[in-house]
Each structure stands twice: as structure tokens, then as C-alpha cells.
There are 2 protein chains.
Amino acid sequence: MLTIGTLSKKTGTKVQTIRYYEQIGVMNEPGRSAGGQRRYFEKDLDRLAFIRHSRQLGFSLESIRELLDLSDNPSRSCADADVIARRQLTQVERRIKGLQALKKELKRMVTECEGNSVAECKIIEVLRDHSECLTEHQNIDVELA
Amino acid sequence: MLTIGTLSKKTGTKVQTIRYYEQIGVMNEPGRSAGGQRRYFEKDLDRLAFIRHSRQLGFSLESIRELLDLSDNPSRSCADADVIARRQLTQVERRIKGLQALKKELKRMVTECEGNSVAECKIIEVLRDHSECLTEHQNIDVELA
DNA sequence: TCTTGAACCTCTAGGTACTGTAGCTTGTAT
DNA sequence: ATACAAGCTACAGTACCTAGAGGTTCAAGA
């Protein structure tokens, strides 16, 4: 039996966040001790790890909900899974593309900055310059669903 | 003289978002027409472009405020800006790494999923696996200040 | 067994960065 | 002169947490 604190430490998730996940229904309601404290099983730890890792990769909680639904129903037809996976793949590819452009710029920023004052520093210019951006004003922020 | 709509179109920023930026003080209060509509100069467009681009690169508005302050005082040390950029770069690289692992699995899932159930898919495992993560449970979300 | 203190509980509010809606006014083109 | 797109304010709502108040439970040491 695991406490919420153990889950917190093992996944690097704040205790409040775990309770929040329960509240919005991405984490299952756990059992309680005699005194009313949450008691978890390993499977809950797994689920939380899954959620956190997905969040770190930029999935929205809505997308995570979808993926969890997939894993909660392993007998669901492969076609369903395929549709979801394809959609996620497209988004993931788009995100990688955006992040790589970003990385290039950041690298340029840190390598070009050799002056002592901002006057000689390219960082501000780079951030003002949109030439490295894609033509479209696409938001590279996460929105997968 | 530019209208808010022009700024919106030229930078791909929602009109409300521009007004929000003004409200929180990252955009300067512009002049107004006789009827009270906002009227901007080129310098405002530049500033907004800077803000949007920085946001797209994952900087928090707080960091952007910092950078704007930096560019408003060009005699300040470049090291400050460099630190911010370096921090971003590390996070971005980590994120790309995680996403590439995920992409690989999603691709595999899409192309190889010939079974009838999700039980044979590895995607859930991939998302549960933190091996690609650094040891620390650092939040990769943007928080530079 | 008693006590202490860390860890837990609920509830509420706040934070960031927007986004949307209602209801109205302004500007411009015909 | 009129239509209507685009502007205005004000406020509510969203996603995803995070912090604090004020109280309770649990486990370990005296």
C-alpha cells in the first residue's frame, strides 16, 4: 500500500497535483485508510508515471485521457487505436519540427553571444527576427487533441 | 498608424491577446484615435513580434519582460540573457529526445499494429517508461525567472 | 501507552497565459 | 446615408496546476 507522498516522490508530482488528477478523473479514486487517507497500489503508480511522462512530452490531459482509455480497454479494436495513434503521430511530428527550429535558434543565440553588453549581443535580435519561423503563424504550443 | 487588427494579422496574435499584453504591461499603452481606438507605430509591431516569437520559443512572459528590460537597457550584461537562453536550450533538447522516442513507438504502432487488440501495442509502455528522462524529476515546462 | 511531528485531509483562492462572449461604438466603403 | 467590419470594455471561462488555511491521522520514539 502506497501513500500519496510516496507516489509524489516516485514520480516527481506534487501531492496537490495528484489530488487534482483524481478530481478531474485521470487518476482513479484510490482506496482509503481507516482514517480517510489515500492508499494506492502499484498500478496507480504506473498510471501516474504514464500521465506525468506524457505531460512532460507535451500531451494535453485530454489526449492523455484518450491514451489511458486505450490502455484501459485493451480489447478495443486495433482500428480505434490506429486512428488515435495516427493523430498523435502527426502532432508529435509537428512538435518535433517546431522544437528543432527552436533549438537551432537557441544554439545560435548562445554561441553568438560573446560580447559583454546587450548592445553586442545577438539574443535580442534573434528573438525579434522571424526569419527562422515557418511561414505560417503556427503556434508550436501543445494542442494535440 | 496601425490598428490592432493589423498588428494581429502581421504577428498572428489574437486581438484579445494584444490587449491582454497591454493590460499586464509587456506592451506599452498605445495612442488612441479620436473615437478611442488603439493606434500603433512600427516600434509596437516590433515589440509584439519580439514577444510572440519569444513565446513561441517557450519563454514565459516573465522572462520576456526580463529580456525586454534587457533590451531597454543595452548596457546591461549579456550574461543574463545568455543564462536564460542556455536554460531553454537544455530543456528543448530533452523534450526533442523524449518526443523522438515517442514518435518511433507511434510509428511502429501505426505500421505494425496488425494484431486485433491494444494489448499487443507497446505505446503505453513507452509512455510509462522514464528511461529517457533525466534522473531528476524536473519540470520541463517553461519557468525561467 | 502517550506524545510529537511529519504527512495527510478538504476547501478555497490564486497564478499564468490566454480565449470567448455580450453588448455596444467607431470607422470606412459604397 | 447606411451597412457592416472592426473596434471597444468588462467579465467569465479554460487548462493545468500551486499555495495556504485550518484541521486530522499515522508511525515512531520516550
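The structure under discussion appears in the preceding block.
Structure report, in brief. Note that the structure is predicted; figures quoted are calculated from it, not measured.

Quick look at the overall build of chain A
- Scanning chain A from N- to C-terminus turns up six helices and two strands.
- When its helices and strands are written in sequence order, chain A yields α-α-β-β-α-α-α-α.
- When each of the 145 residues of chain A is scored for burial, the buried share is 43%.
- Of the roughly 7600 Å² of accessible surface on chain A, a fraction of 48% belongs to carbon and sulfur atoms.

Considerations on the protein's contact with DNA strand D
- As a matter of local geometry, DNA strand D sits amid 22 residues, with Ser33 and Arg55 of chain A together with Gly5, Arg19 and Arg38 of chain B nearest to it.
- Each atom of DNA strand D within 4 Å of the protein belongs either to a base or to sugar and phosphate, the latter forming 87%.
- One nitrogen or oxygen atom from the side chain of Thr17 of chain A is found 3.3 Å from a phosphate oxygen belonging to DNA strand D.
- Here a phosphate oxygen of DNA strand D sits 2.8 Å away from a polar atom, N or O, in the main chain of Arg38 of chain B.
- Counting only elements with at least two residues in the surface near DNA strand D, the list comes to helix H2 (15–23) and helix H3 (42–56) of chain A together with helix H1 (4–11) of chain B.
- Per-element accounting of the surface near DNA strand D gives the leading share, four residues, to H2 of chain A.
- Across the surface near DNA strand D, the residue classes tally to five nonpolar, 10 polar and seven charged.

Considerations on the packing of aromatic side chains
Residue and element names in this part refer to chain A.
- Per the counting criterion, the structure on display carries two aromatic pairs over all chains.
- On the basis of an interplanar angle of 45 degrees and a centroid distance of 6.0 Å, the ring pair of Tyr20 and Tyr21 is categorised as tilted.
- Using a relative accessible area of 39% as the deciding quantity, one classes Tyr20 as partly exposed.
- We classify Tyr21 as buried; its relative accessible area is 3%.

Observations concerning the protein's contact with DNA strand C
- Of all residues adjacent to DNA strand C, which total 21 residues, the nearest are Gly5, Arg19 and Arg38 of chain A together with Tyr21 and Arg55 of chain B.
- Among the atoms of DNA strand C close to the protein, meaning within 4 Å, 82% are from sugar or phosphate groups.
- The backbone of Arg38 of chain A places a nitrogen or oxygen atom 2.8 Å from a phosphate oxygen of DNA strand C.
- With respect to DNA strand C, the side chain of Thr17 of chain B contributes an N or O atom lying 3.4 Å from a phosphate oxygen.
- Elements supplying a minimum of two residues to the surface near DNA strand C: helix H1 (4–11) of chain A together with helix H2 (15–23) and helix H3 (42–56) of chain B.

Details of the pattern of salt bridges
All names here are of chain A.
- Per the stated rule, a full pass over the model turns up 10 salt bridges over all chains.
- Arg38 is paired through a salt bridge with Glu22; the nearest N and O atoms lie 2.7 Å apart. In this pair, Arg38 sits in strand E2 (residues 38–39) while Glu22 sits in helix H2, placing the two residues 16 residues apart along the sequence. The pair Arg38 / Glu22 is uniform in exposure class, with both members buried.
- In this structure, a network of salt bridges that share partners links the residues Glu22, Arg32 and Arg38.

Let's talk about the packing of H1 of chain A against H3 of chain A
Residues and elements named next belong to chain A.
- It is the contact of H1 with H3, at a shortest axis distance of 10 Å, that shows an interaxial angle of 40 degrees. Looking at the two axes, H1 sits oblique to H3. Our pair here, H1 against H3, has a crossing hand that is right-handed. When H1 is examined against H3, the residues Leu7, Lys10 and Thr11 are found in contact with a partner set consisting of Asp44, Leu45, Leu48, Ala49 and Arg52.
- Across the contact of H1 with H3, the residue classes tally to four nonpolar, one polar and three charged.

Comments concerning H3 of chain A
- For H3 of chain A, which comprises 15 residues, the first-to-last C-alpha distance of 21 Å matches the rise-based estimate of 21 Å (1.5 Å per residue) to within 8%.
- All buried positions along H3 of chain A are accounted for by Asp44, Leu45, Arg47, Leu48, Ala49, Phe50, Ile51, Arg52, His53, Ser54 and Gln56 of chain A.

Observations regarding the side chain of Ser54 of chain B
- Within the secondary structure, Ser54 of chain B sits in helix H3.
- A distance of 2.7 Å separates a polar side-chain atom of Ser54 of chain B from the backbone oxygen of Phe50 of chain B.

Some words on H2 of chain A
All names here are of chain A.
- Along H2, the positions that sit buried rather than exposed are Ile18, Tyr21 and Glu22. Here the buried residues of H2 occupy an arc of 100 degrees about the axis, which is enough to place them on one side. Among the exposed residues of H2, those oriented more than 90 degrees off its buried face are Gln16 and Gln23.
- Those residues of H2 hidden inside the fold are in contact with H1, strand E1 (31–32), E2, H3 and helix H4 (61–72).

Basis of the calculations
Residues numbered from 1 in each chain as written. Chains lettered and ligands numbered in written order. Predicted model: local features only at pLDDT ≥ 70, side-chain atom pairs only at ≥ 80, totals over all residues. Heavy atoms only, no water. Helix = DSSP H or I, 4+ residues; strand = E, 2+ residues; numbered from the N terminus. Buried < 20%, exposed > 50% of the residue type's maximum accessible area, 1.4 Å probe, protein only. Areas by Shrake-Rupley, 256 points an atom, 1.4 Å probe, with all protein chains shown as cover. Near = heavy atom within 4 Å. Polar contact = N/O pair within 3.5 Å; in protein donor to acceptor, adjacent residues only side chain to side chain. Nonpolar A, V, L, I, M, F, W, Y, C, P; charged D, E, K, R; others polar. Phe/Tyr/Trp six-rings, centres within 6.5 Å; stacked < 30°, edge-to-face > 60°. Salt bridge = Lys/Arg side-chain N within 4 Å of Asp/Glu carboxyl O. Axes fitted to C-alpha atoms, helices over the stretch in contact; angles between N-to-C directions. Parallel < 35°, antiparallel > 145°, perpendicular 65-115°, else oblique. Left-handed = near helix turned anticlockwise from the far one by under 90°. Contact = heavy atoms within 4.5 Å. Expected span 1.5 Å × (residues − 1). Arc of directions from axis to C-beta.

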